[in-house]
Amino acid sequence: MPRFVSWSPDPSAFVCDAFSLIWKDFNAYAFPSFSLFPRVLVHLKRDKVQRALRITPVWPSQSWYPTLLEMAIACPVLLRRWPNLLILRHNEGSV
């Protein structure tokens, strides 16, 4: 992505720490670590974000899952399992 926010210092990033920004002014794309899902949902609500692409697991037993579904504006799209669906660029290993 030509413009992105990094969790850790990155000279190519637009800014570090997405939670320091107001998200409603951006075309939001969020693929946070699992531990950040609740915080991301709170931030989306607080900033009144109308549309955001979120990558999340189907995890109905999590406390944040009902909120995730309530906030959906369309049916979730399930990604099929592929051996190399996610690739880490820094070491080219699959997740």
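Model, not experiment: these values are computed from the prediction. (Residues numbered from 1 in each chain as written. Predicted model: local features only at pLDDT ≥ 70, side-chain atom pairs only at ≥ 80, totals over all residues. Heavy atoms only, no water.)

1. Topic: the overall build of the protein
Link 1 in the chain: Tallying secondary structure elements over the protein gives two helices and four strands in all.
Link 2 in the chain: Going residue by residue from the N terminus, the α and β elements of the protein occur as β-β-β-α-β-α.
Link 3 in the chain: Each principal axis of the C-alpha distribution contributes one length, and for the protein these read about 35 × 35 × 20 Å.
Link 4 in the chain: Across the 95 residues of the protein, 20% fall into the buried class. (Helix = DSSP H or I, 4+ residues; strand = E, 2+ residues; numbered from the N terminus. Buried < 20%, exposed > 50% of the residue type's maximum accessible area, 1.4 Å probe, protein only.)

2. Observations concerning the confidence of the model for the protein
Link 1 in the chain: Chain-level statistics for the protein give a pLDDT mean of 86 and a share of 91% at 70 or above.
Link 2 in the chain: Across residues 91–95 the pLDDT falls below 50, and counting only partners more than four positions away or on other chains, this stretch makes ten contacts in the model. (pLDDT = per-residue confidence, 0-100. Contact = heavy atoms within 4.5 Å.)

3. Observations concerning the nonpolar core
Link 1 in the chain: Of all hydrophobic cores here, the largest spans 13 residues; its most connected members are Phe-19, Trp-23, Val-40, Leu-41, Leu-44, Trp-64 and Leu-68.
Link 2 in the chain: Taken together, the elements giving at least two residues each to this core come down to helix H1 (37–46) and helix H2 (65–71).
Link 3 in the chain: For Trp-23, the residues in contact, after removing those within four places along its chain, are Ala-18, Val-40, His-43, Leu-44, Asp-47 and Val-49. (Core = buried A, V, L, I, M, F, W, Y, C linked by side-chain atoms within 4.5 Å.)

4. Examining H1
An α-helix turns once per 3.6 residues; consequently, residues spaced three or four apart project the same way.
Link 1 in the chain: Turning to H1, its buried residues number three or more, namely Phe-37, Val-40, Leu-41, His-43 and Leu-44. End-on view of H1: buried residues confined to an arc of 160°, all on one side of the axis. Opposite the buried face of H1, at more than 90 degrees from it, the exposed residues are Val-42 and Arg-46.
Link 2 in the chain: Of the surrounding secondary structure, the elements contacted by the buried residues of H1 are strand S3 (28–30), strand S4 (52–54) and H2.
Link 3 in the chain: In the segment just after H1, Lys-48 is the residue with positive phi, at about 55°. (Arc of directions from axis to C-beta.)

5. A few points about a nonpolar patch on the surface
Link 1 in the chain: Taken together, the side chains of Tyr-29, Phe-31, Leu-53, Val-77, Leu-79, Trp-82, Leu-85 and Leu-86 define a hydrophobic patch exposed on the protein surface, amounting to about 840 Å² of accessible area.
Link 2 in the chain: Looking at the element boundaries, Val-77 is found in the segment after H2.
Link 3 in the chain: Judged by relative accessible area, which is 71%, Val-77 ranks as exposed. (Patch = residues over 30% accessible without salt bridge, like charges linked within 9 Å, V, L, I, M, F, W, Y side chains within 5 Å. Areas by Shrake-Rupley, 256 points an atom, 1.4 Å probe, with all protein chains shown as cover. Salt bridge = Lys/Arg side-chain N within 4 Å of Asp/Glu carboxyl O.)

6. Topic: the packing of aromatic side chains
Link 1 in the chain: For the coordinates displayed, the defined rule picks out seven aromatic pairs.
Link 2 in the chain: Note on Phe-34 and Phe-37: the rings are 5.6 Å apart at their centroids and 45° apart in plane angle, and the pair reads as tilted.
Link 3 in the chain: Members of the aromatic cluster, connected to one another through ring pairs, are Phe-34, Phe-37, Trp-59, Trp-64 and Tyr-65.
Link 4 in the chain: Here the guanidinium or amino end of Arg-39 rests over the ring plane of Phe-19, the centre of that ring lying 3.8 Å away. (Phe/Tyr/Trp six-rings, centres within 6.5 Å; stacked < 30°, edge-to-face > 60°. Lys NZ or Arg CZ within 6 Å of the ring centre and 35° of its normal.)

7. Considering unusual backbone geometry
Backbone phi values are negative for most residues with the exception of glycine, while trans is the configuration of most peptide bonds.
Link 1 in the chain: Even without glycine at this site, Asp-17 takes up a positive phi of about 80°.
Link 2 in the chain: Note on placement: Asp-17 falls in the loop between strand S2 (15–16) and S3.
Link 3 in the chain: With relative accessibility at 28%, the residue Asp-17 sits in the partly exposed group.

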